[in-house]
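Spelled out, the chains give:
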Amino acid sequence: AQSVTQLDSQVPVFEEAPVELRCNYSSSVSVYLFWYVQYPNQGLQLLLKYLSGSTLVESINGFEAEFNKSQTSFHLRKPSVHISDTAEYFCAVSEGDYKLSFGAGTTVTVRA
Amino acid sequence: DSGVTQTPKHLITATGQRVTLRCSPRSGDLSVYWYQQSLDQGLQFLIQYYNGEERAKGNILERFSAQQFPDLHSELNLSSLELGDSALYFCASSDSSGKGDRSYEQYFGPGTRLTVT
């Protein structure tokens, strides 16, 4: 079975500082990788995805993630965070059969 | 707004009861997924339907069942409810046609918060 590990459950960060959220997965087959964000009392929103091609993928709001096959990782980064980035972030993996396996989530709290 | 709707938003019921959660997918999406989010289990995939047929099953209890109707909306039925079933239940939808990258994107509804007392 697919396993997704998000190494940090809580990440406090100051506004305009960089942040990195770590995600590792276990799979012996090709995978599709996703990051979702969940704002308080809302559903999950897709932030970015890796299916194939360039290992560095970007979102429209400044996040980027890099797929590293040898390390089975898909870490999420943002060079400068805003208060509005306060949310819970979930890494998810699919083995191409569409269903998603999620990590436990990382809560990012941005302070002024 | 993801385009996926779920009703009701909140549901409070007693142990032993049965409830039905409803989901309408985004226009054009053929797949519906159900997920359960709880503090102790995190986000878990329950079941997927594609164009009316069950396609994949995850950690869904035998007391739970789902179906997808011809108009593509889906219902998740939870019966003989226990305290441990209290959770947020999400529905998601996707194209799943396999044509293009966006067919793998899942769009989530706002969820139904179930409280079993």
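Residues numbered from 1 in each chain as written. Chains lettered and ligands numbered in written order. Predicted model: local features only at pLDDT ≥ 70, side-chain atom pairs only at ≥ 80, totals over all residues. Heavy atoms only, no water.

Peer 1: Looking at this structure, I do not really get the overall build of chain A. What am I missing?
Peer 2: The secondary structure content of chain A amounts to 0 helices and 12 strands. Scanning chain A from its N terminus toward the C terminus, one meets helices and strands in the order β-β-β-β-β-β-β-β-β-β-β-β. Taking 112 residues into account, the globule formula puts the C-alpha radius of gyration at 13 Å, and chain A, at 13 Å, falls close to it. Across its three principal axes, chain A shows a C-alpha extent of roughly 40 × 30 × 20 Å. Going through the 112 residues of chain A one by one, you find that 46% of them count as buried. For chain A, the distance from the average site of its 7 positive side-chain charges to the average site of its 11 negative ones is 4 Å. (Helix = DSSP H or I, 4+ residues; strand = E, 2+ residues; numbered from the N terminus. Rg over C-alpha atoms; globule rule 2.2 N^0.38 Å. Buried < 20%, exposed > 50% of the residue type's maximum accessible area, 1.4 Å probe, protein only. Lys, Arg positive; Asp, Glu negative; His and termini not counted. Charge placed at Lys NZ, Arg CZ, Asp CG, Glu CD.)

Peer 1: In this structure, what is going on with the sheet that holds strand β3 (residues 19–24) of chain B? I would like to understand it.
Peer 2: All names here are of chain B. The antiparallel open sheet is built from 4 strands, whose spatial order is β1-β3-β8-β7. Both outer strands of the open sheet, β1 (5–7) and β7 (64–68), are each paired with one neighbouring strand and no more. Averaged over all adjacent pairs, the angle separating strand axes in this sheet is 15°, with direction ignored. (Pairing = 2+ DSSP bridges. Axes fitted to C-alpha atoms, helices over the stretch in contact; angles between N-to-C directions.)

Peer 1: What is the right way to look at the environment of serine 79 of chain B in this model?
Peer 2: All names here are of chain B. Residue position: serine 79 is located in the loop between β8 (74–78) and β9 (87–94). On the accessibility criterion, serine 79 (18% relative accessible area) is buried. On a C-alpha basis, the gap between serine 79 and cysteine 91 in space is 18 Å, while along the polypeptide they are 12 residues apart. Aside from chain neighbours lying at most four places away, what touches serine 79 is Gln17, Arg18, Arg63 and Phe64. (Contact = heavy atoms within 4.5 Å.)

Peer 1: Looking at this structure, I do not really get the interface of chain B and chain A. What am I missing?
Peer 2: It is common to give the size of an interface as the accessible area that goes away when the parts come together. The interface of chain B with chain A comprises 21 residues on the first partner and 17 residues on the second. Between chain B and chain A, roughly 1,600 Å² of surface is buried when both sides are summed, and carbon and sulfur atoms account for 62% of that area. Broken down residue by residue, the surface that chain B buries against chain A is led by Leu43, Tyr104 and Phe108 of chain B, which jointly contribute 39%. For the pair chain B and chain A, the interface holds 1 salt bridge. In this structure, glutamate 105 of chain B engages lysine 49 of chain A in a salt bridge whose closest nitrogen and oxygen atoms are separated by 2.5 Å. Counting residues per element, the ones that place at least two in the side of chain B that touches chain A are β4 (31–38), β5 (42–50), β6 (53–57) and β9 of chain B. Split by residue class, the side of chain B that touches chain A holds 10 nonpolar, 8 polar and 3 charged. (Buried area = accessible area lost by both parts, 1.4 Å probe. Salt bridge = Lys/Arg side-chain N within 4 Å of Asp/Glu carboxyl O. Nonpolar A, V, L, I, M, F, W, Y, C, P; charged D, E, K, R; others polar.)

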